[in-house]
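Observations on the model geometry
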Amino acid sequence: MNRFFKLFALIGLAIAAANCKKSDDDIKTVPIRDRAEVYSEDIVKIENYLKNNYLKIDGEDITLDSITDKNTQISIWDQKQFELKSVKIKNDEYALYTTGSNIVKYAKTADAVEYTLYYLVLNEGGGEQAITIDSTYTSYKGYTLKNRVFDVNKTGMWTTYPAPIPGLMPAVAGQTKSGYRLATALMKEATSITQNPDGTFNFENAGRIIAFIPSGLMYFNSPTTGEAYANLIFDITLISKLSRDHDRDGIPSIYEDLNGNGDYFDDDTDGDGIPNFMDVDDDADGFLTRDEITYEVIENGVTVKKLYEFSAIPSCPGGSVKKHLDNRCH
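As the structure is a prediction and not an experimental result, all values here were calculated from the model.

1. Notes on the pairing of strand β2 (residues 53-58)
Relative to strand β3 (residues 61-66), β2 runs antiparallel, the two being bridged by 6 bridges. Directly across from Lys56, in β3, lies its bridge partner Thr63. With antiparallel pairing between neighbouring strands as the criterion, β2 and β3 make up a hairpin whose turn holds 2 residues, including Gly59 at a positive phi of roughly 65 degrees.

2. Let's talk about empty space enclosed by the protein
This structure, assessed with the given rule, holds 2 cavities of 30 Å³ or more. For the largest cavity, the calculated volume is near 70 Å³. Lining the largest cavity, in full, are Ile131, Thr132, Asp134, Thr136, Thr159, Thr160, Tyr161, Thr176, Arg181 and Thr184. Partitioning the lining of the largest cavity into residue classes produces 2 nonpolar, 6 polar and 2 charged. The computed volume of the second largest cavity comes to approximately 30 Å³.

3. Examining the packing of aromatic side chains
Counted under the stated rule, the structure contains 14 aromatic pairs. Between Phe265 and Phe277, the aromatic rings sit 5.2 Å apart at their centres with planes inclined by 90 degrees, giving edge-to-face as the arrangement. Of this pair, Phe265 sits in the loop between β13 (232-242) and α3 (289-292) while Phe277 sits in the loop between β13 and α3; the two residues are 12 residues apart in sequence, bridging distant segments of the chain. Given a relative accessible area of 10%, Phe265 falls into the buried group. Between Tyr295 and Tyr308, the ring centres sit 4.5 Å apart and the planes meet at 35 degrees, which makes this aromatic pair tilted. Here Tyr295 is found in strand β14 (residues 294-299), whereas its partner Tyr308 is found in the segment after β15 (302-307), with 13 residues between them in sequence. Using a relative accessible area of 26% as the deciding quantity, one classes Tyr295 as partly exposed. Residue Tyr308 is classed as partly exposed on the basis of its relative accessible area, which comes to 25%.

4. Re the environment of Ile43
Structurally, Ile43 is set in helix α1 (residues 35-52). For the pair formed by Ile43 and Ile213, sequence separation is 170 residues and the distance between their alpha carbons is 9.3 Å. Among all residues touching Ile43, those that are not within four sequence positions of it are Thr116 and Tyr118.

5. A closer look at α1
Helix length check: α1 (18 residues) gives 25 Å between terminal C-alpha atoms against 26 Å at 1.5 Å per residue, within 8%. Within the sequence span of α1, burial applies to Arg35, Val38, Tyr39, Asp42, Ile43, Ile46, Tyr49 and Leu50. Projected down its long axis, α1 shows its buried positions confined to an angular sector of 135 degrees, all on one face. Of the surrounding secondary structure, the elements contacted by the buried residues of α1 are β2, β3, β4 (84-90), β7 (114-123), β12 (207-213) and β13. Sitting at the amino-terminal end of α1 is Asp34, which places a side-chain oxygen 3.2 Å from the backbone nitrogen of Ala36.

6. Thoughts on the nonpolar core
By size, the foremost hydrophobic cluster in this structure holds 41 residues, and its most contacted members are Leu55, Leu64, Ile76, Leu120, Ile210, Phe212 and Phe234. Of all the elements in the fold, those that place two or more residues in this core are α1, β3, β7, β8 (135-144), β9 (149-159), α2 (178-184), β12 and β13. Looking at which element gives the most residues to this core, the answer is β7, with 6 residues. Those residues within four positions of Leu64 in sequence are excluded, and the remaining contacts are Tyr49, Tyr54, Leu55, Ile76, Tyr143, Asn147 and Ile233. In terms of nonpolar packing, the next biggest core, distinct from the first, is built from 10 residues, Ile133, Tyr161, Phe265 and Met278 among them.

Rules used in this analysis
- Residues numbered from 1 in each chain as written.
- Predicted model: local features only at pLDDT ≥ 70, side-chain atom pairs only at ≥ 80, totals over all residues.
- Heavy atoms only, no water.
- Pairing = 2+ DSSP bridges.
- Helix = DSSP H or I, 4+ residues; strand = E, 2+ residues; numbered from the N terminus.
- 1 Å grid on protein atoms, 1.4 Å probe; cavity = no way out; pocket = protein on both sides within 12 Å on 5 of 7 lines; lining within 4 Å.
- Points joined across faces, edges and corners; volume = space filled by probe spheres on them.
- Nonpolar A, V, L, I, M, F, W, Y, C, P; charged D, E, K, R; others polar.
- Phe/Tyr/Trp six-rings, centres within 6.5 Å; stacked < 30°, edge-to-face > 60°.
- Buried < 20%, exposed > 50% of the residue type's maximum accessible area, 1.4 Å probe, protein only.
- Contact = heavy atoms within 4.5 Å.
- Expected span 1.5 Å × (residues − 1).
- Arc of directions from axis to C-beta.
- Polar contact = N/O pair within 3.5 Å; in protein donor to acceptor, adjacent residues only side chain to side chain.
- Core = buried A, V, L, I, M, F, W, Y, C linked by side-chain atoms within 4.5 Å.

So yeah, pure geometry; function would need other evidence.
Written out as structure tokens, the structure reads:
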């Protein structure tokens, strides 16, 4: 799979969130319904769609349409060209807020629903696997369940999550909705990206999926796409990803999912409401994590400060966890 696009810049490109042609402030919302009740309706609509629509692929282009001839058109549900997969996921959106003491904290979206996300893998991708808190460069095409295209971005755009905190995180890009981001994390980035003399780029073997996303994982009651409680379809290509050290503490964020469940927000060693991957002092001992994982060596007669690789960070004497997570030592 060889594609051609203009990347503009790999870092520092600030673009609005995916699929938002208008500011969310300009979109009127409708009354909020119970999320579980809405999802029970949504999953029926999505599965009915999969059983009554077909997919046609012509090179890089796809067509989604209603079945009119069951003898020649095979439903997405029944077709065998691409395996229809599903994954159980939960809404992982968090709202950033600041307390009276100007301490940044996060509040999880009040959504206890476990969603089924159906998806087709058109190409797995040959590069590194994306995770939900990577900055990602994707191109996409968005459809409603009526097969209406409501948004398209062939060039590609950077998005990141969570949104940058001024003064702490570099502003790489805007953020997108949970469903789009969780779908993106089901792919790998392109194997290679090469720059052409005219400033455009070629990429090869990028991940590409078609995701069927319930409304609760996208805009829910906001009629951003023209309809409230809209279940959406996204044809997503993952071109590139950027692993982050969100709090710049010297530990890549991917290593701060201590319980390994893929949720980076529920790892909060000191219980201060700030997840470790956003916390500059993970154990609240008054010493910055970055300082606690710094060591000194002599090179050519000069003292040089270095950071431990994550796997090499030592524990405190008699301790069982890495020293930056143990407030008994510094």
